[in-house]
Amino acid sequence: MQANYNETIPNNVDLGDDRRLLRALERWQPAYLQWWNEMGPAESSKFRVYLRTAISVDSDGWAHFDHVRMPDYRWGIFLARPEANRVIGFGDHKGLPAWTEVPGEYRTELRRLIVTQGDTEPASVEQQRQLGRTAPSLYDLRNLYQVNVEEGRHLWAMVYLLHAHFGRDGREEAEALLERHAGDPDRPRILQAFNERTDDWLSFFMFTYFQDRDGKFQLAALSESGFDPLSRTCRFMLTEEAHHMFVGETGLMRVVQRTCELMREFDTDDVRAVGGVPLPMLQKWINFHYSICLDLFGSERSTNAANYFGMGLKGRYQEDKRDDDHRLVDTQLEIPRVSAGGIETQIISARAGMNLMLRRDFTLDSQRGLDRFNKVIGAHDIDFELTLPDEKFNRSIGIFSEIEASPSGGLLDAESWERSKDCWLPTEEERDFVRSLMVPVTDPGKIAGWIAPPKRGIHGQPFDYEYVLFR
Amino acid sequence: MDDQASTAPQHPIITFDAQPDGYKHWRMEIDGRIATLTLDVDEKAGIRTGYELKLNSYDLGVDIELHDAVQRLRFEHPEVGAVVITSAKDRVFSAGANIPMLAAARHADKVNFCKFTNETRNAIEEATSLSSQAYVCMINGTAAGGGYELALACADIVLVDDGSSAVSLPEVPLLAVLPGTGGLTRIVDKRRVRRDRADFFCTTGEGLRGQRALRWKLVDALAPRTRLAEVARTRAESMAANSDRPISGEGMQLTQLDRVISSEEVRYPNLAVAIDRTARTATFLLQGPDSPPPGSPEEMMACGDRFWALAVARELDDAVLHLRFNEPDIGTWVFRTTGEVPLVAAHDDFLLENSQHWLVREITLFLRRTLKRIDVSSRSLIALIEPGSCFSGTLLELALAADRSFMLTGTFEGSNLPPAVIRPTRMNFGPLPICTGLSRIETRFLGDAAALEVLQEHIGRDLIAEEAEELGLVTFAPDDIDWTDEVRLAIEERAAFSPDALTGMEASLRFPGPETVESKIFARLSAWQNWIFQRPNAVGSGGALELYGSGKQPDFDRGRV
Ligand SMILES: [Fe+2]
Ligand SMILES: [Fe+2]
């Protein structure tokens, strides 16, 4: 390709001057575009979508809006600006200058961290591939595509790191990121939650509320990394992740809002008949998505996580706001343990408990949005509270994977679990019902009946703006 | 000498008994000519407490079941021509030996554990090459360390090609120890992976997957997830089709061993092991057969597992394992026999004449494995050949395996037993080799073809002590007057030496001659591993094995030794 890369691939990494990197990306880009066309948003290549493109990391440069065809989207490579004299903030190398090159002894671990993160980015695009057919409004359709192209950019960001710092292995891993696919029985994505289907919009909002929040915490932990290019990459990605969570939180908020309105208008608790999603059903979706997201954090006690911390590769959420020595060599942590008599506690090295610490931060953060939803419910004089299920509920990974528990945390035997789980998790019938609500609305300013319109549009545009041009 | 007596073992005793319906970690399924062994480790069911067997990692308990399964498939399932080993865990084959278990284990336990797992993997290879029961490993997910080493013991490795699953030997980069269950040896010696590639492979923690693993000969085939089982099955079927094992017919059920363990003795129908804690000595007294061999393989089948050659192999094997694991302080094993030389020789003839029969072949191979276990046991071995003994053929191998043997010249005063004789049989000249591939007699007379020829002329002849000594088949032949003192002094002297020095010396003297994959694993690889297992870089308070799971990075002593 003869293109001017600084034009087609907006970047702040001097791509134009790095011939080795250019060659690598040149080879990868066609494969990426092919992947986007085959696995990205279905039947969308002709649409012109009102998208934000980051063209520089400056405050006026990273939010550039225009109608663009998605295959022509300028997926860029941006690293947050370097911090002068940055030092490693935790682990055994705390206080030493941050690494600008991959430390040889941690090459494998770093690559694994980047590949695991990178694998989730295209995965979510694949999972959401069919959603464009049933968007409740043009505004929502545009938000979906915005999230999708940014996840694509996140993939670029990870591929950049692999190409720039990991040689041949990195290039192979970059190819493999396009070869695994969400839900593919032969080559599935690495993490199970990224192989589930996201085929209705309620699930999409749940996904962007919970899974993208997991993404936020993973990125936040990686942005603490002593490997500076990873840190800077993740810091920039976090700005985009915030928007994805905004889509999730406002989306769920608008569903709650609509449900409450329908309950008041028709004076009924069961809004199914009038085309709404009942609050208990929302609760079930929360139960499902929250519990599989807890699994994304991995085992409560993890040697890998301990190593990543000790090596200075992956820190805790907001490491610098923590009041400790940031080394945690002899610090201990209480974690749960399943025993014959129920749940007990055990003491482990704090380093080995990194996954659990990050997960607890995630839980606190997840609760905040729920509090806002509950305010809306309360404002409609409705006596109902949305809650996060207990950490023991519906788990497949870690300490609690071997037991069953109710959403309130009570332990259950296998038989009671089988009997009750349909009261807590979406049933096929309920999924069918939610799918039945998913009728596409493509007229500007119109919206489906199960969700309230947003309070405001995108980038100062009104709600009835033509966010997506189909011609 | 230090005459402080050793005490009876404090740990709960480890036994090697298992039954497929009692397996906690494996499932055995048989479908036509193909058996499937599925690893599904119960995390909570470790043989000791203090660790969880995550990600299909294994401990001795898991391997005892595997050992039992491999053994039963050979004896109880003549129809099985190929075995598929796989895992029931999604996207995980096996993470290898459990690290917290290894880190917590005493040095001797680590060594014992590794030796036993190595022996089982050798038995898997032997089943493929000599029993016509070929092993196919179907790797359905991550196979790391000992997980991949188990695959390496199989004849054929099929790896799922899912873009993630890799085979790896991460011991060096992650744990500062070696892939000591044959891994290092088998990749270069058996699979002929180029040594520079092997070097790369063994230092990349993540290992290799897909096409590259195939190109580098780390696996034999790739298969997509949805077709993995089918591909493995097809490959197993083509191996089974080449098997010479009978397509149908009864197997030989291995019933529960009849065994009584007390602090002074372990007793079986054909073997009693007396333990003298003061002398730190275990004396094996093997009972020869009390009747002639059966007239045909069919008659042998009718005897069940009480058929002498099979029974004595099982009992000896079990006793060796018991002493290795439960009686580490008993440093000297003394072998004695009682019975009729002609009956032992007749049993040898029966086994040799019917060597084409699948079960006869199995029994001979089992004797061979058991004798090999004795060769690689870290105990001083002494054989006492006295009047009334029956060191012929198979049992003569015990005397040939010993580090030193004593044969009484003449008779004991006041005894009416005739002088002891030994009788070599064809069994001593090939069917029961040591791990180098040579017979014990060839090893004894390494490079001396003339001596071997002379010895071959003595097959079937009863040799008295003077002749045996002259031919070099026994070390010393004292008479009645010297016997008691010579034997006592030899044993007492042995018990006084450093056990470490003895182990090293014996292991160095027992295996002259060529090397094989097996001998390299037991000598070179295990010796290095056991050295590393003692070094601070692995097991010191700041060593990699000790720190594993804590997130602390080891601080190596950088000096190369
Ligand atoms: Fe992302
Ligand atoms: Fe995201």
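The rules behind these values
- Position labels on residues start from 1 in each chain and follow its written sequence.
- Here chains are named by letter from A upward and ligands by number from 1 upward, in the order in which they appear as written.
- Residue-level local features of this predicted model are given only where pLDDT is at least 70; pairs of side-chain atoms are given and counted only at 80 or more, and the full residue set underlies all totals for whole chains, interfaces and linings.
- As a rule here, side-chain values cover all heavy atoms of the structure and leave hydrogens and water aside.
- Helix and strand assignments follow DSSP, with helices taken as H or I runs no shorter than four residues and strands as E runs no shorter than two, numbered in order from the N terminus.
- We compute the radius of gyration over the C-alpha atoms and compare it with the globule rule, which gives 2.2 Å times the number of residues raised to the power 0.38.
- Note on definitions: a residue-residue contact is assigned when non-hydrogen atoms from the two residues lie within 4.5 Å.
- Only the protein chains shown count as cover for residues, with accessible areas throughout obtained via the Shrake-Rupley method and a probe of 1.4 Å.
- Working convention for charge: Lys and Arg count positive, Asp and Glu count negative, and His plus the chain ends are omitted.
- Where a charge lies is defined by one atom per residue type, namely NZ (Lys), CZ (Arg), CG (Asp) and CD (Glu).
- Because no water is among the atoms considered, metal sites can look incomplete, with donors defined as N, O and S atoms within 2.8 Å of the metal, or 3.2 Å for Na, K and Ca.
- In these descriptions, tetrahedral denotes four donors with every angle between 85 and 135 degrees, square planar four donors and octahedral six donors with opposite donors over 155 degrees apart and the rest between 65 and 115, and irregular any other case.
- A fitted line through C-alpha atoms represents every axis, and for helices the fit uses only the stretch in contact; the resulting angles, taken between N-to-C directions, go from 0 to 180 degrees.
- Roughly parallel here means an angle under 35 degrees, roughly antiparallel means over 145, roughly perpendicular means 65 to 115, and every remaining angle is called oblique.
- Gly is placed with the polar residues, together with every amino acid not listed as nonpolar (Ala, Val, Leu, Ile, Met, Phe, Trp, Tyr, Cys and Pro) or charged (Asp, Glu, Lys and Arg).
- Only protein chains enter the area calculation, which uses a 1.4 Å probe; residues under 20% of their type maximum are buried, those over 50% are exposed, and those in between are partly exposed.
- What a helix is expected to span follows from its residue count: subtract one and scale by 1.5 Å.
- Grouping into patches uses exposed residues only, defined as over 30% relative accessible area, and leaves out salt-bridged ones; the cut-off is 9 Å for like charges and 5 Å for nonpolar side chains (Val, Leu, Ile, Met, Phe, Trp, Tyr).
- A carboxyl oxygen of Asp or Glu within 4 Å of a side-chain nitrogen of Lys or Arg is what we treat as a salt bridge.
- Contacts described as polar in this section are N or O atom pairs within 3.5 Å, which, within protein, must combine one atom able to donate a hydrogen with one able to accept it, while residues neighboring in sequence count only if both atoms come from side chains.
- Paired rings are identified among Phe, Tyr and Trp, the last through its six-membered ring, by centres lying within 6.5 Å, and are further divided according to the angle between planes into stacked (under 30 degrees), edge-to-face (over 60) and tilted (the rest).

Section: the overall build of chain A
Moving on, step 1. Secondary structure summary: chain A contains 12 helices and 7 strands in total.
Moving on, step 2. The C-alpha atoms of chain A give 23 Å as radius of gyration, which agrees with the globular expectation for 471 residues (23 Å, within 12%).
Moving on, step 3. Based on the C-alpha atoms only, the size of chain A along its principal axes is roughly 65 × 65 × 40 Å.
Moving on, step 4. Looking at chain A alone, contacts between residues at least 24 apart form 72% of all its contacts between residues at least 6 apart.
Moving on, step 5. Working note: accessible area of chain A is about 18900 Å², and carbon and sulfur atoms make up 47% of it.
Moving on, step 6. When the 57 positive and 75 negative side-chain charges of chain A are each reduced to one mean point, those points stand 3 Å apart.

Some words on the coordination of the iron ion (ligand 2)
As a benchmark, a tetrahedral metal site with four donors has ideal angles of 109.5 degrees, while an octahedral site with six donors has ideal angles of 90 or 180 degrees.
Residue and element names in this part refer to chain A.
Moving on, step 1. Protein ligation of the iron ion (ligand 2) involves E151 (OE), D212 (OD), E241 (OE) and H244 (ND1), the donor distances falling in the range 1.9 to 2.2 Å.
Moving on, step 2. Because the angles between the 4 donor atoms bound to the iron ion (ligand 2) fall within 83 to 166 degrees, the donor set is best described as irregular.
Moving on, step 3. If you look at the iron ion (ligand 2) and the iron ion (ligand 1), they sit 3.2 Å from each other and are both ligated by E151. Residue E241 and its partner H244 are both found in helix α7 (residues 228-266); the two are separated by 3 residues, about one turn of the helix.

Some details on the coordination of the iron ion (ligand 1)
Moving on, step 1. Within the protein, the iron ion (ligand 1) binds to A:E121 (OE), A:E151 (OE) and A:H154 (ND1); these donor distances fall in the range 2.1 to 2.2 Å.
Moving on, step 2. Along the chain, the residues donating to the iron ion (ligand 1) are arranged with the sequence spacing E-x29-E-x2-H.

Description of the packing of helix α2 (residues 19-39) of chain A against helix α3 (residues 107-127) of chain A
All names here are of chain A.
Moving on, step 1. One way to put it is that α2 packs onto α3 with a least axis distance of 9 Å and a crossing angle of 30 degrees. One element, α2, and the other, α3, form an angle in the roughly parallel class. Of the residues in α3, those touching α2 at W35, W36 and M39 are P122, V125 and E126.
Moving on, step 2. In the contact of α2 with α3, the residues fall into 5 nonpolar, no polar and 1 charged.

As for the side chain of A:D169
Moving on, step 1. Checked against the element boundaries, A:D169 lands in helix α5 (residues 167-179).
Moving on, step 2. On the basis of relative accessibility, which here comes to 13%, the residue A:D169 falls in the buried class.
Moving on, step 3. Residues contacting A:D169, with those up to four places away along its chain left out, are A:R107, A:R111, B:F200 and B:R212.

Quick notes on α5(A)
Moving on, step 1. A rise of 1.5 Å per residue sets the reference length of α5(A), with its 13 residues, at 18 Å; its end C-alpha atoms lie 19 Å apart and thus fit the reference within 8%.
Moving on, step 2. The complete set of buried residues in α5(A) reads A:D169, A:G170, A:E173, A:A174, A:A176, A:L177 and A:L178.
Moving on, step 3. Contacts from the buried residues of α5(A) go to α2, α3 and α4 (138-165) of chain A together with α7 (195-201), β11 (208-209) and α8 (210-215) of chain B.

Looking at a negative patch on the surface
Residues and elements named next belong to chain B.
Moving on, step 1. Taken together, the side chains of E466, E467, E469 and E470 make up a negatively charged region of the molecular surface.
Moving on, step 2. Note that E469 resides in helix α17 (residues 465-471).
Moving on, step 3. Judged by relative accessible area, E469 falls into the partly exposed class, the value being 37%.

Observations concerning the side chain of A:R86
Residue and element names in this part refer to chain A.
Moving on, step 1. In this structure, R86 sits in the loop between β2 (64-69) and α3.
Moving on, step 2. Judged by relative accessible area, which is 12%, R86 ranks as buried.
Moving on, step 3. Separated by 3.5 Å, the side chains of R86 and S231 make a polar contact.
Moving on, step 4. Residues contacting R86, with those up to four places away along its chain left out, are P97, A98, S223, E224, S225, G226, D228, S231 and R235.

A look at the packing of aromatic side chains
Moving on, step 1. In this structure the tally under the stated criterion is 46 aromatic pairs over all chains.
Moving on, step 2. Each ring, one from A:Y32 and one from A:W156, has its centre 5.5 Å from the other, and the planes form 75 degrees; the classification is edge-to-face. Of this pair, A:Y32 sits in helix α2 while A:W156 sits in helix α4; the two residues are 124 residues apart in sequence, bridging distant segments of the chain.
Moving on, step 3. Among the residues examined, A:Y32 registers a relative accessible area of 0% and is labelled buried.
Moving on, step 4. Measuring from ring centre to ring centre gives 5.7 Å for B:F200 and B:W216, while their planes differ by 70 degrees; the resulting arrangement is edge-to-face. Here the residue B:F200 occupies a position in helix α7, and B:W216 occupies one in the loop between α8 and β12 (221-223), the gap between them amounting to 16 residues.
Moving on, step 5. Note on B:F200: relative accessible area 29%, which makes it partly exposed.
Moving on, step 6. Chaining the aromatic ring pairs together yields one cluster made of A:Y209, A:F210, A:F217, A:Y290, A:F297, A:Y317, A:F362 and A:F373.

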